[in-house]
Amino acid sequence: MPSIKVAEYLFRRLKDLGVASVHGVPGDFNLTLLDYVEPAGLRWVGNANELNAAYAADGYARIKGIGAVVTTFGVGELSAVNAIAGAYTERAPVVHIVGTPSRDLQEGRKLVHHTFNDGEYGRFARIYEHLTIAQASLRDPRTAPAQIDEVLRQCLLHSRPVYIEVPMDMVHQYVSDERLALAVSTPEPVPTQIQDDVVARILERIYAAKQPVILVDGEIRPIGIVDEVQKIINATNWPTWTTNFGKGLVDGTRPNFHGIYRGNYDPTEVQDFYNGADLVLCFGPHFSSTNSYFYQIIPKPEVAILFTDTEVKFGTEIVRDIPAKLTTSRLIQTIDLNKIHRYDPYPSLPRDELVSFSELEEDKPITQDRLWRVFANFLRPGDILLGETGTAGYGVREMAFPQHTRLFAPVTWLSIGYMLPGAQGAALAQEELMASDNYHGIKDARTVLLIGDGSFQMTAQELSTIIRLKQNVVVFLINNDGYTIERCIHGRKQGYNDVSRWRYLQAPSFFGASEDTYTASVRTWKELQDVLSNEVVSNGKELRMVEIMLDREDAPIGPLSVLIDQQRRTGA
């Protein structure tokens, strides 16, 4: 019978699923496992630490559809815990592979390093039971292939991280390769009469609606209905908004797309129209406090139809076992567009708009009330834009996007520092897709990171990976002298919201960039205009870094500016 080693089988499966690069950090319990990465045709990235590696695998997975990170037992996997928790929360399909001590060490309860020195080896795996959708401990060559396949299937099915333990002595064990003839795939939904009845019920509501709208949330990505939702938006031409999580997943250039719905922070005419809707089709809801503007955007139950993974919710009524992929596909196939409401004339509702530099006074300091809409002029189709938790994460919500622009912004986990290694992983996935001509026909897209000074200090080491891999990343560092988002919330003048004042533009040199790496610092609108129009910044192929100097209490218009204004009025 043909055979293959456990490590070969595992990495072959990852490659078959579309993983081309594996993130991680070497450690003595995973070294022999890592020997098989490159022979499998995969690129070993090698990150600065395990937290960054898992953040990067998350960013990679959100663009590529699946990512992988390898750590060592104990110290390595615990360093990655925070990132894996975020991947679970925001549904990034990351395969976390852990090299563990050999089976004889574990079964003999030997006292070894990276343990609590008490012979107990299972604690860390039990932690990961709470952070991953499926787990496997490879202990028997006879069952290892089936275990690997099932865990990977669960990763794809639920778009959440999974956990695979590979003891050192299992790495070289031979297993059957029979299963490799069959692809790891998710089960296809089986049409039923109940599903037909639900679609008919949805259509009845659609045909009766006189003021329908669409709300798109970010879980349309993990549940795999991005294309279907876009077709519904195009076909109905109904006013469409997204959440922070959903922005960038659908075409922001369409005339019926009106950006992120912000509840009470939107103009009165937008609130009145949205609240006056008699039908809200909500796709992929993820109604965390941050993503829903503290629950303001959640549609009224009596007008809402919500499409989740396997449920359709009619207000408070839940119909289970109705896969979103099947439901949305059936809607597209069966809807009679002659029966739906057509807005004629189309309502006058604001859209994401660009601001031109010609509207600004050249020598005035840059301020966040205009910065983000001006900065949107820099973007081009296919760019990946990352706005770190902080003022940047709120600012990117205002920006008008070209087609196929993907947005990473604060959603629920909000772990500051995520976006820098996340950019490394996302840029790598973008590069691979463009190389395979599988990126909307685009060949010149960039990854653009907007990150605050405090967040940058959390994970700055990963700049070195971006430099080493010669990745096309433009870093705009928002230097507002500390944790401005925290100052907005509380402690406007408190020292605990300060950070050390780094010489940020020396970071590329320190982390190994060439002497001619582009860096610049800007304070005025004219300086920003000159930088954004610079040929190297726009069309360079490796790291470029720009420092944008802002006032420490300046915030984008919206929740943060309201909060800090309240503190100023009360003298806090």
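Worth saying up front: this structure is predicted, and the values here are computed from it rather than measured.

Analysis parameters
Along every chain, residues carry numbers that run from 1 in the direction the sequence is written. Reporting of local features is limited, given that this is a predicted model, to residues whose pLDDT is at least 70; pairs of side-chain atoms are given and counted only at 80 or more, and all residues count toward the totals for whole chains, interfaces and linings. The basis for every side-chain value is the complete set of heavy atoms in the structure, and neither hydrogens nor water enter the calculation. UniProt positions are given in the numbering used here, feature names are shortened, and annotations may be inferred rather than shown by experiment. What counts as a helix is a DSSP run of H or I of at least four residues, what counts as a strand is a run of E of at least two, and both are numbered from the N terminus. In this description, contact between two residues means that some pair of their heavy atoms is separated by no more than 4.5 Å. Within the patch definition used here, like charges are joined within 9 Å and nonpolar side chains (Val, Leu, Ile, Met, Phe, Trp, Tyr) within 5 Å, considering only residues with over 30% relative accessible area and no salt bridge. Computed with a 1.4 Å probe, the accessible areas rest on the Shrake-Rupley method; for each residue, only the protein chains presented here act as cover. Between Lys or Arg on one side and Asp or Glu on the other, a salt bridge is scored when a side-chain nitrogen of the former is within 4 Å of a carboxyl oxygen of the latter. Exposure classes here rest on a 1.4 Å probe applied to the protein chains alone. A residue is buried below 20% of its type maximum, exposed above 50%, and partly exposed in between. Axis definition: a line fitted to C-alpha atoms, limited for helices to the stretch in contact. Angles are taken between N-to-C directions and run from 0 to 180 degrees. Roughly parallel here means an angle under 35 degrees, roughly antiparallel means over 145, roughly perpendicular means 65 to 115, and every remaining angle is called oblique. In this scheme, a crossing is called left-handed if the near helix is turned counterclockwise away from the far one by less than a right angle; it is called right-handed if the turn is clockwise. Throughout this entry, Asp, Glu, Lys and Arg are counted as charged residues, while Ala, Val, Leu, Ile, Met, Phe, Trp, Tyr, Cys and Pro are counted as nonpolar. The remaining residues, Gly among them, count as polar. Whenever two N or O atoms come within 3.5 Å, that pair is a polar contact, provided that in protein one can donate a hydrogen and the other can accept it, and provided that, for residues adjacent in sequence, both atoms are side-chain atoms. His is not counted here, nor are the chain ends, while Lys and Arg score as positive and Asp and Glu score as negative. Any two strands between which DSSP finds at least two bridges are classified as paired. What marks off one domain from the next here is an automatic or database domain assignment. Once two parts are brought into contact, the accessible area they lose, counted with a 1.4 Å probe and summed over both, makes up the buried area. Two aromatic rings from Phe, Tyr or Trp, using only the six-membered ring of Trp, form a pair when their centres are within 6.5 Å; if the ring planes differ by under 30 degrees the pair is stacked, by over 60 it is edge-to-face, and anything between is tilted. We call a charge positioned above a ring when the Lys NZ or Arg CZ atom is no farther than 6 Å from the ring centre and deviates by at most 35 degrees from the ring normal.

Take the UniProt feature "domain: Thiamine pyrophosphate enzyme central" (unreviewed entry) in the protein next. Under the local residue numbering, the UniProt record ascribes the feature "domain: Thiamine pyrophosphate enzyme central" (unreviewed entry) to residues 199-301. Across residues 199-301 one finds 28% helix and 17% strand; the C-alpha atoms that close the span lie 18 Å apart.

Let us now look at the environment of Tyr295. Summarising the element assignment, Tyr295 is placed in the loop between β12 (279-283) and β13 (304-307). With 33 residues separating them along the chain, Tyr295 and Arg262 place their C-alpha atoms 9.9 Å apart. Non-local contacts of Tyr295, meaning those with residues more than four positions away in its chain, are made with Phe287, Ser288 and Ser289.

A contiguous nonpolar surface patch, about 340 Å² in accessible area, is contributed by Phe294, Tyr295 and Ile298. Looking at where Ile298 falls in the secondary structure, it is placed in the loop between β12 and β13. Residue Ile298 is classed as partly exposed on the basis of its relative accessible area of 33%.

This part covers the packing of helix α1 (residues 6-16) against helix α8 (residues 144-158). With their axes 10 Å apart at the nearest point, α1 and α8 run at an angle of 25° to one another. The angle between α1 and α8 places the two elements in the roughly parallel class. As for how α1 packs across α8, the hand of that crossing is right-handed. Counting all contacts with α1, which are made through Val6, Tyr9, Leu10, Arg13 and Leu14, the residues of α8 involved are Ala144, Pro145, Ile148, Asp149 and Leu152. Taken together, the residues that form the contact of α1 with α8 break down as eight nonpolar, no polar and two charged.

Turning next to the pattern of salt bridges. Where charged atoms of side chains with opposite charge meet at close range, the side chains can pair. Applying the stated criterion to the full structure yields 32 salt bridges. Where Glu311 meets Arg320, a salt bridge forms, and the shortest distance between an N and an O atom there is 2.7 Å. Its salt-bridge partner being Asp437, residue Lys443 comes within 3.8 Å of it at the nearest N-O pair. Within this structure, Asp481, Arg487, Asp498, Arg501 and Arg552 form a network of salt bridges that share partners.

Note that Asn234 resides in helix α10 (residues 226-236). According to the relative accessible area criterion, Asn234 is partly exposed, its value standing at 34%. Each C-alpha atom of the pair Asn234 and Asp16 lies 34 Å from the other, and the pair is 218 residues apart in sequence. Here Arg254 takes part through its side chain, which lies 3.1 Å from a polar atom of the side chain of Asn234.

Moving on: the side chain of Glu462. When you line up the elements, Glu462 lands in the loop between α16 (453-459) and α17 (463-468). The charged side chain of Glu462 is buried without a salt bridge, its nearest counter-charge being Arg468 at 5.9 Å. One polar contact links Glu462 to Asn52, side chain to side chain, over a distance of 2.8 Å. For Glu462, the side chain forms a polar contact with the side chain of Thr465, separated by 2.4 Å.

Read across the sheet, seven strands follow the order β11-β10-β9-β12-β13-β14-β15 without closing on themselves; strand pairing throughout is mixed. The outermost strands of the open sheet, each flanked by one partner alone, are β11 (257-260) and β15 (317-320). With strand direction ignored, the average angle separating the axes of adjacent strands in the sheet is 20°. Across five bridges, strand β9 (residues 212-216) lies against β12 in parallel orientation. Counterpart to Val216 in the pairing with β12 is Phe283. Sitting on the sheet, α10 touches β9, β10 (240-242) and β12, and the angle it makes with β9 is about 155°.

Below, the discussion takes up the domain arrangement of the protein. When cut into domains, the protein gives domain 1 (3-181), domain 2 (193-334) and domain 3 (357-570). Taking only C-alpha atoms, the centre of domain 2 and the centre of domain 3 are 30 Å apart. With 17 residues of domain 2 at the contact, the number on the domain 3 side is 19 residues. For the pair domain 2 and domain 3, the summed buried surface comes to about 1500 Å²; carbon and sulfur atoms form 53% of the total. Of all residues in domain 2, Asn244, Lys247 and Thr290 bury the most surface against domain 3, accounting for 38% of the area lost on that side. Summed over the shared surface of domain 2 and domain 3, the number is zero salt bridges.

Time to look at the packing of aromatic side chains. Under the counting rule described, the total for this entry stands at 21 aromatic pairs. Where Trp241 meets Tyr261, the ring centres are 6.2 Å apart and the plane angle is 65°; that geometry is what we call edge-to-face. Of the two residues, Trp241 is situated in strand β10 and Tyr261 in the loop between β11 and α11 (268-275); the sequence distance between them amounts to 20 residues. The residues Trp241 and Tyr261 share a single accessibility class, namely buried. Ring geometry for Phe378 against Phe476: centres 5.6 Å apart, planes inclined by 80°, an arrangement best described as edge-to-face. In this pair, Phe378 is assigned in the loop between α13 (368-375) and β16 (384-387) and Phe476 in strand β19 (residues 473-479), connecting sequence segments 98 residues apart. For the pair shown, Phe378 and Phe476 are each scored as buried. Put simply, the rings of Trp241, Tyr261, Phe273, Tyr274, Tyr343 and Tyr346 touch in pairs and so form one group of aromatic residues. In this arrangement the basic side chain of Lys247 is found over the ring face of Phe401, its NZ or CZ atom lying 4.6 Å from the centre. When the ring centre of Phe378 is taken as origin, the NZ or CZ atom of Arg446, which lies over that ring, is 4.2 Å away.

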